[in-house]
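Here is what each chain is made of, one letter per residue.
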Amino acid sequence: MKINWTVRFKNKTFLAALLALVVSFVYDMLALFGIVPGVDESVVMTLCNTVLTLLVGVGVLADPTTKGLADSDRAMQYQEPK
């Protein structure tokens, strides 16, 4: 699977989705080790799930213009997001 990560990291919507995913992952790791943060887990998880659902709904996490999950050959040539 070939993905043009340089261009993806310049895309603000991709970064927002990645941030939500990282927050979700960190919370799961805290729970795994029994660490209880000051903010209720359900509040953070609900917010992350809502954001991810919206991003999936508009096609940010999976690009509907390409076959599968990889970027097209044309997208691999981009220097900036189109």
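Residues numbered from 1 in each chain as written. Predicted model: local features only at pLDDT ≥ 70, side-chain atom pairs only at ≥ 80, totals over all residues. Heavy atoms only, no water.

S.K.: I tried to follow the packing of aromatic side chains on my own but got confused; where do I start?
M.R.: How two aromatic rings sit relative to each other is given by the distance of their centres and the angle of their planes. Taken as a whole, this structure holds three aromatic pairs when the rule is applied. Between W5 and F9, the ring centres sit 6.1 Å apart and the planes meet at 35°, which makes this aromatic pair tilted. Separated by four residues within a single helix, W5 and F9 lie in helix α1 (residues 5–10), roughly one turn from each other. For W5, a relative accessible area of 45% puts it in the partly exposed group. With relative accessibility at 42%, the residue F9 sits in the partly exposed group. Note on F9 and F14: the rings are 5.6 Å apart at their centroids and 85° apart in plane angle, and the pair reads as edge-to-face. Residue classification places F14 among the buried positions, given a relative accessible area of 14%. Taken together, the ring pairs connect W5, F9 and F14 into an aromatic cluster. (Phe/Tyr/Trp six-rings, centres within 6.5 Å; stacked < 30°, edge-to-face > 60°. Helix = DSSP H or I, 4+ residues; strand = E, 2+ residues; numbered from the N terminus. Buried < 20%, exposed > 50% of the residue type's maximum accessible area, 1.4 Å probe, protein only.)

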